[in-house]
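Below are the chains, spelled out letter by letter.
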Amino acid sequence: MRAFYSDAHLGHQPPEIISRGKAIPHWEVARRADALVQALRDGGHGIEPPESFGLAPVAAVHDPGYLEFLETAWQRWQELPNPPPAVQPNAHPGRHMTGRPTDVLGQAGYYVTTNSAPIVAGTWAAILASADTALSAARAVLDGEDVAYACCRPPGHHAFGDTAGGFCYLNNVAIAAQDMLQELARVAILDIDVHHGNGTQGIFYRRRDCLFVSLHGDPAEYFPFFAGYAHECGEGEGLGYNLNLPQAQGTGDEDYLSALDDGLAAIRRYAPDALLVSLGFDAYEGDPIGFLSISTEGFGRIGEAIARLGLPTVLVQEGGYNVEALGANLSSFLTGFGNGR
Ligand code: Q9C
Ligand code: ZN
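I will try to describe carefully the structure that is included in this document. (Residues numbered from 1 in each chain as written. Chains lettered and ligands numbered in written order. Predicted model: local features only at pLDDT ≥ 70, side-chain atom pairs only at ≥ 80, totals over all residues. Heavy atoms only, no water.)

### Some points on the packing of helix α3 (residues 64–77) against helix α4 (residues 104–111)
Here is step 1 of the chain: Two numbers describe how α3 lies on α4: the axes approach to 10 Å, and their chain directions differ by 140 degrees. Between α3 and α4, the angle is such that the two are oblique. As for how α3 packs across α4, the hand of that crossing is left-handed. Two secondary-structure elements touch here, α3 through Gly 65, Tyr 66, Phe 69, Ala 73, Arg 76 and Trp 77 and α4 through Val 104, Leu 105, Gln 107, Ala 108 and Tyr 111.
Here is step 2 of the chain: Its residues assigned to classes, the contact of α3 with α4 comprises 8 nonpolar, 2 polar and 1 charged. (Axes fitted to C-alpha atoms, helices over the stretch in contact; angles between N-to-C directions. Helix = DSSP H or I, 4+ residues; strand = E, 2+ residues; numbered from the N terminus. Parallel < 35°, antiparallel > 145°, perpendicular 65-115°, else oblique. Left-handed = near helix turned anticlockwise from the far one by under 90°. Contact = heavy atoms within 4.5 Å. Nonpolar A, V, L, I, M, F, W, Y, C, P; charged D, E, K, R; others polar.)

### Thoughts on the environment of His 26
Here is step 1 of the chain: Tracing the backbone through its elements, the reader meets His 26 in the loop between β3 (22–24) and α1 (31–42).
Here is step 2 of the chain: Among the residues examined, His 26 registers a relative accessible area of 4% and is labelled buried.
Here is step 3 of the chain: Sequence separation of His 26 and Pro 14 is 12 residues, and the distance between their C-alpha atoms is 6.2 Å.
Here is step 4 of the chain: Once residues lying within four places of it in the same chain are set aside, the contact partners of His 26 are Pro 14, Pro 15, Glu 16, Ile 17, Ser 116, Pro 118 and Phe 167.
Here is step 5 of the chain: Here the side chain of His 26 touches Ser 116 through a polar contact of 3.2 Å, landing on its backbone oxygen. (Buried < 20%, exposed > 50% of the residue type's maximum accessible area, 1.4 Å probe, protein only. Polar contact = N/O pair within 3.5 Å; in protein donor to acceptor, adjacent residues only side chain to side chain.)

### Points about the pattern of salt bridges
Here is step 1 of the chain: Summed over the entire model, instances satisfying the criterion amount to 10 salt bridges.
Here is step 2 of the chain: In this structure, the salt-bridge partner of Arg 207 is Asp 209, at a minimum N-O distance of 3.0 Å.
Here is step 3 of the chain: In this structure, the salt-bridge partner of Arg 301 is Glu 254, at a minimum N-O distance of 3.0 Å. With Arg 301 in helix α9 (residues 296–307) and Glu 254 in helix α8 (residues 253–270), this residue pair connects regions lying 47 residues apart in the sequence.
Here is step 4 of the chain: On the basis of relative accessibility, which here comes to 27%, the residue Arg 301 falls in the partly exposed class. (Salt bridge = Lys/Arg side-chain N within 4 Å of Asp/Glu carboxyl O.)

### So, the sheet that holds strand β10 (residues 313–317)
Here is step 1 of the chain: Taken in spatial order, the 8 strands make up an open sheet running β4-β1-β5-β10-β9-β6-β7-β8, and their pairing is parallel. Strand pairing shows two members of the sheet lacking a second neighbour, β4 (47–48) and β8 (242–247), which therefore form its edges. (Pairing = 2+ DSSP bridges.)

### Overview of unusual backbone geometry
Here is step 1 of the chain: Along the chain, Arg 153 connects to Pro 154 via a cis peptide bond; the corresponding omega equals -5 degrees.
Here is step 2 of the chain: On the secondary structure map, Pro 154 appears in the loop between β5 (147–150) and α6 (172–180).
Here is step 3 of the chain: Residues Phe 223 and Pro 224 are joined by a peptide bond in cis, for which omega reads 10 degrees.
Here is step 4 of the chain: Tracing the backbone through its elements, the reader meets Pro 224 in the loop between β7 (210–217) and β8.
Here is step 5 of the chain: Despite not being glycine, Arg 20 shows a phi value in the positive range, around 50 degrees.
Here is step 6 of the chain: Of the residues examined, Arg 20 reaches a relative accessible area of 84% and is grouped as exposed.

The structure is reproduced here in structure tokens:
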């Protein structure tokens, strides 16, 4: 297995957030990547820096106005009187307004859908490197590797073509999938982060060259709330190529693995040329913002079940916020996967 990681994520340090009236560190912290990289080293995996692919593969998925906002927002924010420590919206268009403002605060509301995706000085460089990391893993698999792992930070699956949200800015897995589709006829994305991959679903919703399958906490009661329902099956050309498997709060290994079997069966029927996994570890029983109850051993069984597909596989890191357990959960997953083969 080849593994990719860039330390450019260190420039993306979201400021503290207010939770229950108290300032606490943002959940999506740099130490997450340290823990994952340490687990890779302990497992004897070599770690390579990503290649730089430039903006073209990113622009193949994301809107030009959105990319310009991401690139310039921090600079423009500094020109506000008394600029807050991060670019963050305080007004959102909702369902009844479509105007696009010119002001940076207005554009923050237009392009950023949650208050959990702040933009700071190093965010642009970090998100480009995170996309390059996923692209490098995708390239490794196209070049013949059975499996490659992308240690992406920040994560990506809540980013739509033109919106950031939920700790995500560029949709790393979608960018990698789109890139692979230049050489392959069909790919599947399996999303096992505990949150529904709303951005990824949105990007491929009207397409049949990418099957999207997601297991996640029931959005009726859990972030991202407004997508991830079982009745969302794709539209137009893409009808039948989107499968959501929402899980009840507290779902444990046995029930989860049985739902995963349904997802894997859909992927087998689709017979893709390659698989991409949105690999979150926030379904862990000890995750501080989790909803499900997967054990460390359970991640090994999940890895084993996915490996049984026998597909060339790109593993793209998404969430997982119990920093102390992240390394063990990644190791367990990879061991189940046949140690990355
Ligand atoms: N009290 C990913 O796992 N809600 N994103 C945070 C905290 C947003 C998670 C609420 C969760 C987004 C990639
Ligand atoms: Zn998540």
